[in-house]
Each structure stands twice: as structure tokens, then as C-alpha cells.
Amino acid sequence: HENDVKALSSFGELLNRTFADDLAKKAHFLASNVRGNDNRRFGTAALTDGNRYTYWASDDNVTAPYVTLQWEQPQTFNLIRIRENIKLAQRIEALELEALINGSWEKIASATSIGACRLIMLEKPVYTQMLRVRVTESPVAVAISEIGVFNRN
């Protein structure tokens, strides 16, 4: 039992270190669409407020929106966490992550079925001032509750 406790404890420390510095909290967000232009209820502030049930949402007819994160200075990261408001069901079927590199958008990762929590580990660290999360397939409007950006050592 003692070894199990030590293993769990060090795993917990690893998780705490990995998710301690959320670079998304330092970013300015810009969404391509906000449901009903109601930024108070459905705006991008919900993406970093720590509440799993507040969310950025798009209008009903907007099923491929995107949100851009921009930092004052370039950041290095290799892990993105995305969560949907699962109370409204899993909606997103596919998305792409793009980084602005040398003046043009480059695809750095893609994912399917986000659900309650999806971790996307990049093949290599990315250094950029802008990250775009672009939904490419969703049968209905999106309801994303969190976007987190981390540099896992």
C-alpha cells in the first residue's frame, strides 16, 4: 500500500505542475461568433473562469466557429485542454488547432469528439503569439466551457 500511495502522490504532483500555469488565462480571446451577441452569458470570458457549466456558445446556425487566443508576448506550449458543457451533450465532432507562425496560420493539431475533457498533446512545443481553435464539424451550435493552454515539461 505504501508504494501505491507514493505513486499516486507523485502522479498528483505531476498533474498539479502540468496544469498550474494556464497560459490561456493571460490571453485575449476573440470569437468569430457569440450566441445572440450576448457576451455576458455566452462570451469568451467563460473559457477561463474555472466554471465547467458556463460556456462560449455560437448561434444556432453557426456550427463551425473559431476562437483566437492572442498574447502580448509569444508563448511556448505543448498541451491544450478543451472542455464542452457536457450538460448540453457532446456537440463537437472535429476541430483544428492553428498557430500563427511566421505570419501565416499553420495547423498544429486536430481532434475529434471533445466531450467533458479532451487533452491534446502537441508533437512538439509551439512558440507563438496567437492560437486559433477552429471547430470544423458540429451538428449544432457549440458550447465550449474551457480552453486551457499549458507547457508540460
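Residues numbered from 1 in each chain as written. Predicted model: local features only at pLDDT ≥ 70, side-chain atom pairs only at ≥ 80, totals over all residues. Heavy atoms only, no water.

Visitor: How should I be thinking about unusual backbone geometry in this particular structure?
Guide: For residues besides glycine, phi is generally negative; the peptide bonds are generally trans as well. If you check the backbone angles, Ala-89 has positive phi at about 80° while not being a glycine. Along the polypeptide, Ala-89 turns up in the loop between β3 (66-84) and β4 (94-101). The residue Asn-102 is not glycine, and still its phi comes out positive at about 50°. Along the polypeptide, Asn-102 turns up in the loop between β4 and β5 (104-112). Residue classification places Asn-102 among the exposed positions, given a relative accessible area of 78%. (Helix = DSSP H or I, 4+ residues; strand = E, 2+ residues; numbered from the N terminus. Buried < 20%, exposed > 50% of the residue type's maximum accessible area, 1.4 Å probe, protein only.)

Visitor: Mind showing me how you'd approach the nonpolar core here?
Guide: Note on soluble globular proteins: their nonpolar side chains tend to be buried together. Among the nonpolar cores identified, the biggest contains 34 residues, and Leu-69, Phe-77, Ile-82, Leu-95, Leu-97 and Val-149 are the most heavily contacted of them. Secondary-structure elements contributing two or more residues to this core are β2 (56-57), β3, β4, β5, β6 (118-137) and β7 (143-150). Among residues more than four places away in sequence, those in contact with Ile-82 are Leu-95, Leu-97, Ile-114, Cys-117, Arg-118, Ile-120, Val-133, Ile-144 and Glu-146. (Core = buried A, V, L, I, M, F, W, Y, C linked by side-chain atoms within 4.5 Å. Contact = heavy atoms within 4.5 Å.)

Visitor: What should I look at first to understand the packing of aromatic side chains in this one?
Guide: For any pair of aromatic rings, the description consists of the separation of the ring centres together with the inter-plane angle of the planes. Applying the stated criterion to the full structure yields 2 aromatic pairs. Ring centres of Phe-42 and Tyr-55 lie 5.7 Å apart, and the angle between their planes is 45°; this geometry places the pair in the tilted category. Remark: Tyr-55 occurs in the loop between α2 (39-42) and β2 and Phe-42 occurs in helix α2; sequence separation between them is 13 residues. This pair shows no difference in class: Phe-42 is buried, exactly as Tyr-55 is. Ring plane angle 40° and centroid distance 5.9 Å describe the contact between Trp-71 and Phe-77, whose orientation is recorded as tilted. Residue classification places Trp-71 among the buried residues on the basis of a relative accessible area of 2%. When the ring centre of Tyr-53 is taken as reference, the NZ or CZ atom of Lys-87 above it lies at 4.0 Å. Across from the ring centre of Tyr-66, 5.4 Å away, lies the NZ or CZ of Arg-132, which sits over that ring. (Phe/Tyr/Trp six-rings, centres within 6.5 Å; stacked < 30°, edge-to-face > 60°. Lys NZ or Arg CZ within 6 Å of the ring centre and 35° of its normal.)

Visitor: What exactly am I supposed to notice about the pattern of salt bridges here?
Guide: A side chain of one charge can pair with a side chain of the opposite charge if their charged atoms are brought near each other. Inspection of the entire model under this criterion finds 8 salt bridges. A salt bridge links Arg-81 to Glu-146, with the nearest nitrogen and oxygen atoms 2.8 Å apart. Placement of the pair is Arg-81 in strand β3 and Glu-146 in strand β7, with a sequence separation of 65 residues. For Glu-96, the salt bridge is made with Lys-107, and the minimal N-O distance between the two is 3.6 Å. A residue pair is termed long-range when its members are at least 10 positions apart, and Glu-96 in strand β4 and Lys-107 in strand β5 qualify at 11 residues. Using a relative accessible area of 52% as the deciding quantity, one classes Lys-107 as exposed. Taken together, the shared-partner salt bridges connect Glu-96, Glu-98, Lys-107, Arg-132 and Arg-134 into one network. (Salt bridge = Lys/Arg side-chain N within 4 Å of Asp/Glu carboxyl O.)

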